[in-house]
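Inside the fold
Now for the letters of each chain:
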Amino acid sequence: MDFMRIIKMIWNLSAGTTTPAKSKTESKPDYTRSFATLSKAGTFLTSMALSISIASANLLPPENPFLADSTYPITHVTSAQQGAIAIKGPEDRNRRLSDAEKEYIYTGPSHLIFSISGQYDNGKRVIWSAGSDRLIKQDYDSFEVLDTLMLREDEGWDEAWSEERMKKVANGWEPFRVYNALQEMMRFAEAGAIYPMMDADNNFYLGSTDGTIAVYSDSVEGDPSSQISLKHRYQIKEPVTGKVNGFNISYDGYIIAVTDDGWLVAMSRDFKEQFQLKLEGAPNTSDNKEDPLNGWVRNSFSMDSNGMTYVVSTDYMHGVKWTGKGWSQNVKDGAWIAPYSNTKGRGSGATPSLMGFGDEDKLVAITDGDDLMNLTLFWREEIPSDWKALPGEDRRVAGKIAANMAREDLKKVQSEQSVAVYGYGAVIVNNEPPSMPFYAPEIIAPVFVGLLATEEKFQPFGIQKFVWNPENRTLSQEWVNNDISSPNSVPVIAAYNDVIYTGGVRNGEWTLEALDWNTGKEKFHWVLGDNKFNTNFSPLAIDPQGRITYGTTWGRVRLNPKP
């Protein structure tokens, strides 16, 4: 999901920041109460976890009671950033969905990631998201937009405009199509921070390029249908610098953020306390913001229930300890730093995903920075005393294996997605186009798999699962499916029925692909249609009713098949 780092390489952002538009309702925050919903938080997710087997439930991270009680409060589902959820996803046969089974709503451009709220007292939920120019709040049941707040000057980007843009990407002379697709990809960069979060009180957190954090909620407390209200805008205090890349929330209720300059920041929910730490190895001065290669940290991060926080920078994997009243990089507190392979020089494109909970081996997974990327696992707690380092690797590295889709002819495989993890399994998709026009520099490869992947010559194939064996401490391939094309989607795993879902392409049309998590064999696929249904690097989510929903280039889709 971390293709933003490449978009920044192909577009030198203009200096300065955009000043958000004033909220329709700016109310003073009420922080006299604690999380009002905390006493009932977890009721939905807990019931879902109880509905699957005890063995399966133990493969998932402990529930974080400070996140919204829904199936998608934060990017990649949970604080562990696995992309797995204890719910049953759809099951069906191969078929084309009818128009009545595909809900689509125009949101404005680049609403890639969203958050689903917890349930209100009246049983309602809402969906929040922000894109290139606006913040929207949707009704969960009807899927209709309840309110919109413009975050910048309105440029007239309406649904008719989006349909015209769709046509320009799909039709005409190839160089013009590439140019128009590139324009849409660059629009993602205008979205600023793309990793939002929703807490247990249904507050929506959004970061910005200038280091501010905006907290939005309902203008009428407890009324999901009320207008958007800006509850708080907080400027992260010095000495912290950089753009807010992503959010998480600690298991003791502190708001956690990471900046692209390598700062970890913990803030109390009333923003009266701030604790910061600069990651070991971070540059002494901010990277040149005029340079499109900016950003020492380019992804979001994961946390466990013990306060360990896992951040990947350009050259290192970091394990940092949140103590409850500060940060520690002291090895005595369990903190660590380890290098990983980065021959391409751009660093990892993956938010770290946690693997192993309870009595299991505890690992953290990323893909590295090589042309033919490797799945790399690190011991995230104390390294076993009898562990011998892998040849040429830091002793912290537990496993490393090439994500080559079991094809010796593939010299390059790139994935701008986080590793999908469930139990000891880890899945990687191939986002490297098999060919590109002679006039196109390699750096814009994401344009071809993002908006032009319905064309066979740009369509990558391959989804590969690896598994960690705790008995002999080895990482190996479990299965590979080279019949599936998943050009850009971030997969999601339904733990209840052991199915992994991803966006795909077949015969020039966008699809939903469902594979057996254990075997990699196709369970079914749905044919969806044209670029309106293109996932374009967005993560799939499973909503509380078990439906697939995701953001697109210009809107949001929910798949609602009839029995």
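Before reading on, note that the structure itself is shown above.
Throughout what follows, the structure given in this document is the object of discussion. None of these values were measured; they are calculated from a predicted model.

1. Considering the side chain of Glu174
If you trace the backbone, Glu174 turns up in helix H5 (residues 174–189). Glu174 sits in the buried class, given a relative accessible area of 15%. Among residues more than four places away in sequence, those in contact with Glu174 are Pro437, Tyr439, Lys457 and Phe458.

2. What to know about the packing of helix H4 (residues 159–170) against H5
Relative to each other, H4 and H5 sit at 135°, their axes nearing to 7 Å. If you check the angle between H4 and H5, you find them oblique. Only Arg177, Asn180, Ala181, Gln183, Glu184 and Arg187 of H5 make contact with H4, whose side of the interface consists of Trp161, Arg165, Lys168, Val169 and Ala170. Grouping the amino acids of the contact of H4 with H5 by side-chain chemistry returns four nonpolar, two polar and five charged.

3. Re unusual backbone geometry
Residue Glu238 is joined to Pro239 through a cis peptide bond whose omega torsion reads 15°. Examined against the element boundaries, Pro239 turns out to sit in the loop between strand S12 (228–235) and strand S13 (244–249). A positive phi is found at Phe271, a non-glycine position, where the angle reads about 60°. Turning to its location among the elements, Phe271 is positioned in the loop between strand S15 (263–267) and strand S16 (274–278). Judged by relative accessible area, Phe271 falls into the buried class, the value being 5%. In the Ramachandran plot, Met405 falls in the positive-phi region, its phi being about 55° despite a non-glycine side chain. By the element assignment, Met405 lies in the loop between strand S25 (397–402) and strand S26 (420–422). Among the residues examined, Met405 registers a relative accessible area of 0% and is labelled buried.

4. A few points about the pattern of salt bridges
All chains considered together, the criterion is met by 28 salt bridges. Across the pair Asp92 and Arg93 runs a salt bridge whose closest N-O atoms are separated by 3.6 Å. Close ionic contact of Lys325 with Glu273 constitutes a salt bridge, the shortest N to O distance being 2.8 Å. Here Lys325 is found in the loop between strand S19 (316–322) and strand S20 (327–328), whereas its partner Glu273 is found in the loop between S15 and S16, with 52 residues between them in sequence. If you follow the salt bridges from partner to partner, you end up with Asp92, Arg93, Arg95 and Glu101 in one network.

5. Observations concerning the sheet that holds S26
The four strands lie next to each other as S26-S27-S28-S29, forming an open sheet whose pairing is antiparallel. The sheet is open, and its two edges are formed by S26 and strand S29 (474–481), each paired on a single side. Each strand axis lies, on average, 25° off the axis of its neighbour in the sheet, ignoring direction. Across three bridges, the pairing between S26 and strand S27 (residues 425–429) is antiparallel. In the sheet register, Ala420 faces S27, and the bridge partner there is Val427.

Each value, and the rule that gives it
Residues numbered from 1 in each chain as written. Predicted model: local features only at pLDDT ≥ 70, side-chain atom pairs only at ≥ 80, totals over all residues. Heavy atoms only, no water. Helix = DSSP H or I, 4+ residues; strand = E, 2+ residues; numbered from the N terminus. Buried < 20%, exposed > 50% of the residue type's maximum accessible area, 1.4 Å probe, protein only. Contact = heavy atoms within 4.5 Å. Axes fitted to C-alpha atoms, helices over the stretch in contact; angles between N-to-C directions. Parallel < 35°, antiparallel > 145°, perpendicular 65-115°, else oblique. Nonpolar A, V, L, I, M, F, W, Y, C, P; charged D, E, K, R; others polar. Salt bridge = Lys/Arg side-chain N within 4 Å of Asp/Glu carboxyl O. Pairing = 2+ DSSP bridges.

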